[in-house]
Structure formats: C-alpha cells, structure tokens
Amino acid sequence: MQRYFINEDLENKKDLILSADDLHHLKNVMRSKNGDEITCIDINGQVYSCLIDDVEQGSIKIIKEIGENNELDVEITLIYALPKGDKFELVLQKATELGVSRIVPLLTQRCVVKTDKIKFEKKLARYQKILKEAAQQSRRNKIPQIVNVIKLAEISEYLGTYNLVAYEEKAKRGEHSALKQCLDKLESNDKITIIVGSEGGFEEKEIEMMEALKISSCSLGKRILRSETAPLYMLSVIGYAREIGK
C-alpha cells in the first residue's frame, strides 16, 4: 500500500489534503482512484489508514490510526565526509533504509569534492526527495533529517550519548573492540553518532581533534571498506544489535 508523509499533526482530524507532489504521484504514477486505500504518516510519525475521497483535489479521508512503529529505538546521526560522484546519494538512500535519523555532510582535508554551504544548499531539495522516497519504500515512520554541509570544527553540535569515528589505522593494528563495547552499552532512547571519512579517510590531526572531543576511534574489522560501504556496515551492525541480536 502506498505511503505518504504528511507535514502536519493528524490526531483528531478526519480529513486532509495531499501536497502537490504527492497528488501528482497518486494520480499520475500510482493511477489511484476514489475509494482506494492509502497510508499516511503525520509529522509525529503516527500512521493512519486513509481512503481517497477526491483524487482530483487530493482530498483524503482518515479512517483510523494504526499502531505501527518501524523506527529503531536509538537515534543515529551519520556524519559523512563527502565522497566523489553519486556515492553520497547512494548512502542517503541506503542509510534511510537502515534506520538513520540524521545525516550531516562533512568537509575534510581529503575530500575531493569542493563545495560550501551556499552551493550545497542548492542540492538539499534533491537530497530531501531521495530521503523521503527511501523512507516511504522502507516503511519508515519518519523521514531522516539532512543538514547543510559542515566543517570539522562544527562537529560538536551533532554528537550524542556515544560517538564513534571509523578509522582504518585501528583495523591495521588489529584493534576491534571499540564498536562492540559501544553496542554493549547502548540503551533505548540513546543517541549515537557515527563518523565516516571520504575515499582518502581522515588525516591524523583530524582524528586527534575528534578524540579530544571524546569521540572513540573504531575499527570495522580486518578488511578496509570503501567510503560508501563503511557507514552502511555501521548502521547494519547497530540495527542488528538493537532489533535482532538482543
């Protein structure tokens, strides 16, 4: 059943009007008709069963609330140094499927991509659309947040209860305990921030700066993962630990 995110509180409401983009999708992509059932998720993540009342106007009748929660019980922020090409968009999509709560693009010394807040802001609408579509497909209750690009000096604003940076030198030295130790301590409603570098990784001074903020360097195993693989590995491990491996 098709899902639509509604940017308002639907509690105690009997009807709603779809946005222009969602109405276009409903009519021209899904070819829906009056009386068809859809699912709507409000700004609080509450899920509702609804019926299309007028497909031309985007008028929707709310039938009932559904007690459905597909979110992780911890909030994950991914701080990701911008990679080359379309890898960033891939990570946006897959990280959403894996339960990320917030994505913070980062500029580091080894980033090949050259941008700034003004240039990056022009791409935010496209990135938000990718997140929305991935959230719909994966039956999320919430669309992950994405913020404008930051530099390492701004990173403290996005730290959580636990904070990890993937650092390949740890793998080379055979140090593999930091990630597991963090997962063992995680509890419901905790906030965890994971930080991943671009293709060239992080410079040692950048790691020292993060460690000064009490961010723990961690290995992701014996193999060196690509920039776009590392955040998805970390998200998968956290998801397993919170939902399946308990």
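These remarks concern the structure in this document. If you're wondering where the values come from, they're calculated on a predicted model, not measured in any experiment.

Cut-offs used in this document
Residues numbered from 1 in each chain as written. Predicted model: local features only at pLDDT ≥ 70, side-chain atom pairs only at ≥ 80, totals over all residues. Heavy atoms only, no water. Helix = DSSP H or I, 4+ residues; strand = E, 2+ residues; numbered from the N terminus. Contact = heavy atoms within 4.5 Å. Areas by Shrake-Rupley, 256 points an atom, 1.4 Å probe, with all protein chains shown as cover. Salt bridge = Lys/Arg side-chain N within 4 Å of Asp/Glu carboxyl O. Buried < 20%, exposed > 50% of the residue type's maximum accessible area, 1.4 Å probe, protein only. 1 Å grid on protein atoms, 1.4 Å probe; cavity = no way out; pocket = protein on both sides within 12 Å on 5 of 7 lines; lining within 4 Å. Points joined across faces, edges and corners; volume = space filled by probe spheres on them. Nonpolar A, V, L, I, M, F, W, Y, C, P; charged D, E, K, R; others polar. Axes fitted to C-alpha atoms, helices over the stretch in contact; angles between N-to-C directions. Left-handed = near helix turned anticlockwise from the far one by under 90°. Arc of directions from axis to C-beta. Phe/Tyr/Trp six-rings, centres within 6.5 Å; stacked < 30°, edge-to-face > 60°.

## Observations concerning the overall build of the chain
Along the chain, the regular secondary structure elements total 8 helices and 12 strands. The principal-axis extent of the C-alpha atoms belonging to the chain is close to 60 × 40 × 30 Å. The long-range share in the chain, meaning contacts at least 24 apart out of those at least 6 apart in sequence, stands at 75%. Approximately 13300 Å² of the chain is accessible, and the part contributed by carbon and sulfur atoms is 46%.

## Remarks on the pattern of salt bridges
Going through the model one piece at a time under the given rule, you end up with 14 salt bridges. Here lysine 13 makes a salt bridge to glutamate 8, at a shortest N to O gap of 2.5 Å. Residue class for lysine 13 comes out partly exposed when judged on its relative accessible area of 38%. Note that aspartate 15 is salt-bridged to lysine 61, the shortest N-O span being 3.9 Å. With aspartate 15 in strand β2 (residues 15-17) and lysine 61 in strand β5 (residues 59-66), this residue pair connects regions lying 46 residues apart in the sequence. With a relative accessible area of 36%, lysine 61 lands in the partly exposed category. One network of salt bridges, with partners in common, ties together Arg3, Glu68 and Arg139.

## Side note on the layout of surface pockets
By volume, the largest pocket is sized at about 490 Å³. In this structure, the largest pocket is lined by 26 residues; those nearest its centre are Glu71, Val74, Glu75, Ser101 and Lys142. Residue assignment for the lining of the largest pocket shows that the elements contributing at least two residues are β6 (75-81) and β11 (191-196). Classifying every residue of the lining of the largest pocket gives 8 nonpolar, 10 polar and 8 charged.

## Regarding the packing of helix α2 (residues 87-97) against helix α4 (residues 124-137)
Orientation of α2 relative to α4, taken along the N-to-C sense of each, is 35°, at an axis distance of 8 Å. Between α2 and α4 the crossing geometry is right-handed. For the pair formed by α2 and α4, the contact residues are Phe88, Glu89, Leu92, Gln93, Thr96 and Glu97 on the first element and Arg126, Tyr127, Ile130, Leu131, Ala134, Ala135 and Gln137 on the second.

## Section: α2
Turning to α2, its buried residues are Lys87, Phe88, Val91, Leu92, Ala95 and Thr96. Projected onto a plane normal to the axis of α2, the buried residues spread over an arc of 160° and lie on a single side. Downstream of α2 by a residue or two, glycine 99 has a phi angle that is positive, lying close to 105°.

## Some words on the packing of aromatic side chains
According to the stated counting rule, one finds 4 aromatic pairs in the structure shown. Each ring, one from phenylalanine 88 and one from phenylalanine 120, has its centre 6.2 Å from the other, and the planes form 70°; the classification is edge-to-face. Linking phenylalanine 88 in helix α2 with phenylalanine 120 in helix α3 (residues 117-121), this pair joins segments that are 32 residues apart in sequence. Residue classification places phenylalanine 120 among the buried residues on the basis of a relative accessible area of 2%. With centroids separated by 5.1 Å and ring planes inclined at 75°, the aromatic side chains of phenylalanine 88 and tyrosine 127 adopt a geometry described as edge-to-face. Taken as a pair, phenylalanine 88 in helix α2 and tyrosine 127 in helix α4 lie far apart in primary sequence, 39 residues in all. We classify phenylalanine 88 as buried; its relative accessible area is 4%. The buried category is assigned to tyrosine 127, whose relative accessible area is 7%. Cluster of aromatic residues (ring-pair linked, three or more members): Tyr80, Phe88, Phe120 and Tyr127.

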